[in-house]
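Analysis of the macromolecular model
Chain by chain, the residues run as shown.
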Amino acid sequence: MQTEFTTSDLEAYLDESLPVEQMAAIEEALRQDSSLQKQVAAINGRRDAGVHALGEIWRRHRLSCPPREQLGSFLLGVLPKGAADYIKFHTETIQCRYCAASLSDLRGQQSAAEADVTERRRQKYFQTSAGYLGKS
Ligand SMILES: [Zn+2]
């Protein structure tokens, strides 16, 4: 399995001028290799088009979008480091709008669920202390 890519491979990747299999191979490597992610981000940063163009590529293909469950696990902080790094790269460096929207959606759901738990815990606490106070 090829894991080393030259800068010109990565340039071509950003230009989408590689054969499909090679595009896919780089995509796959990007999922696992955080130094390769940095390399692509750096190349992209040097370009006039900026992060936007890379985002465009991602949005057009949506090949690298992590599944929604994985985004949920990411928010809960239960993903393995490699996977979490990839999601950070995908949403922060690539700025995939699709996943950013999913993330904020999920974040909303999670904080609603947390608020619910906190509220129930609070009520329980008050009931307990009320009972305790009642006895004294
Ligand atoms: Zn995405």
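Above this text is the structure in question.
For the structure given in this document, a descriptive report is provided here.

1. Some remarks on the overall build of the protein
For the protein, the helix and strand inventory stands at seven helices and zero strands. When its helices and strands are written in sequence order, the protein yields α-α-α-α-α-α-α. By residue count, 31% of the 136 residues in the protein fall in the buried class. If you take every contact in the protein between residues at least 6 apart in sequence, the share linking residues at least 24 apart comes to 65%. Total accessible area on the protein is roughly 8,700 Å²; 54% of this is exposed by carbon and sulfur atoms.

2. With respect to the pattern of salt bridges
The full count for this structure, using the stated rule, is four salt bridges. The partner of Asp116 in a salt bridge is Arg120, with the nearest N and O atoms 2.7 Å apart. Here Asp116 and its partner Arg120 are both found in helix α7 (residues 97-135), four residues apart, which amounts to about one turn of the helix. The exposure class of Asp116 is partly exposed, given its relative accessible area of 41%.

3. Looking at the environment of Lys38
Mapped onto the elements, Lys38 comes out in helix α3 (residues 34-46). Considering only alpha carbons, one finds Lys38 and Phe89, 51 residues apart in sequence, at a separation of 8.5 Å.

4. Thoughts on the packing of aromatic side chains
Taken as a whole and assessed by the stated rule, the structure comprises one aromatic pair. Between Tyr86 and Phe89, the aromatic rings sit 6.3 Å apart at their centres with planes inclined by 45°, giving tilted as the arrangement. Pair noted here: Tyr86 and Phe89 are both in helix α6 (residues 81-93), with a separation of three residues, about one helical turn. Residue classification places Phe89 among the buried positions, given a relative accessible area of 5%.

5. Here we look at the side chain of Gln110
For Gln110, the position within the fold is in helix α7. Residue class for Gln110 comes out buried when judged on its relative accessible area of 19%. Here Gln110 is in contact with Gly72, Leu75 and Leu76, once residues within four sequence places are set aside.

6. Description of the nonpolar core
Ranked by size, the top nonpolar core spans 13 residues in total, and within it Phe5, Leu10, Tyr13, Leu18, Ile26, Leu30 and Leu36 carry the most contacts. Core analysis: the next-biggest nonpolar cluster, separate from the first, contains 10 residues, Cys65, Leu79, Ile87 and Leu106 among them.

7. Focus: helix α2 (residues 20-32)
Look at α2: 19 Å from first C-alpha to last across 13 residues, which is about the 18 Å you get at 1.5 Å a residue. Where α2 is concerned, the buried positions are Met23, Ile26, Glu27, Ala29 and Leu30. Burial along α2 is one-sided: seen end-on, the buried residues are contained in an arc of 165°. Pointing more than 90 degrees away from the buried face of α2 are the exposed residues Val20, Glu21 and Gln32.

8. Concerning the packing of helix α1 (residues 7-14) against α2
Axis separation between α1 and α2 bottoms out at 10 Å; the angle between their running directions is 105°. As judged from the angle between their axes, α1 and α2 are roughly perpendicular. Here Asp9, Leu10 and Tyr13 of α1 lie close against α2, whose contacting residues are Gln22, Met23, Ile26, Glu27 and Leu30. Class assignment of the residues belonging to the contact of α1 with α2 gives a composition of five nonpolar, one polar and two charged.

Procedures and definitions
- Residues numbered from 1 in each chain as written.
- Predicted model: local features only at pLDDT ≥ 70, side-chain atom pairs only at ≥ 80, totals over all residues.
- Heavy atoms only, no water.
- Helix = DSSP H or I, 4+ residues; strand = E, 2+ residues; numbered from the N terminus.
- Buried < 20%, exposed > 50% of the residue type's maximum accessible area, 1.4 Å probe, protein only.
- Contact = heavy atoms within 4.5 Å.
- Areas by Shrake-Rupley, 256 points an atom, 1.4 Å probe, with all protein chains shown as cover.
- Salt bridge = Lys/Arg side-chain N within 4 Å of Asp/Glu carboxyl O.
- Phe/Tyr/Trp six-rings, centres within 6.5 Å; stacked < 30°, edge-to-face > 60°.
- Core = buried A, V, L, I, M, F, W, Y, C linked by side-chain atoms within 4.5 Å.
- Expected span 1.5 Å × (residues − 1).
- Arc of directions from axis to C-beta.
- Axes fitted to C-alpha atoms, helices over the stretch in contact; angles between N-to-C directions.
- Parallel < 35°, antiparallel > 145°, perpendicular 65-115°, else oblique.
- Nonpolar A, V, L, I, M, F, W, Y, C, P; charged D, E, K, R; others polar.

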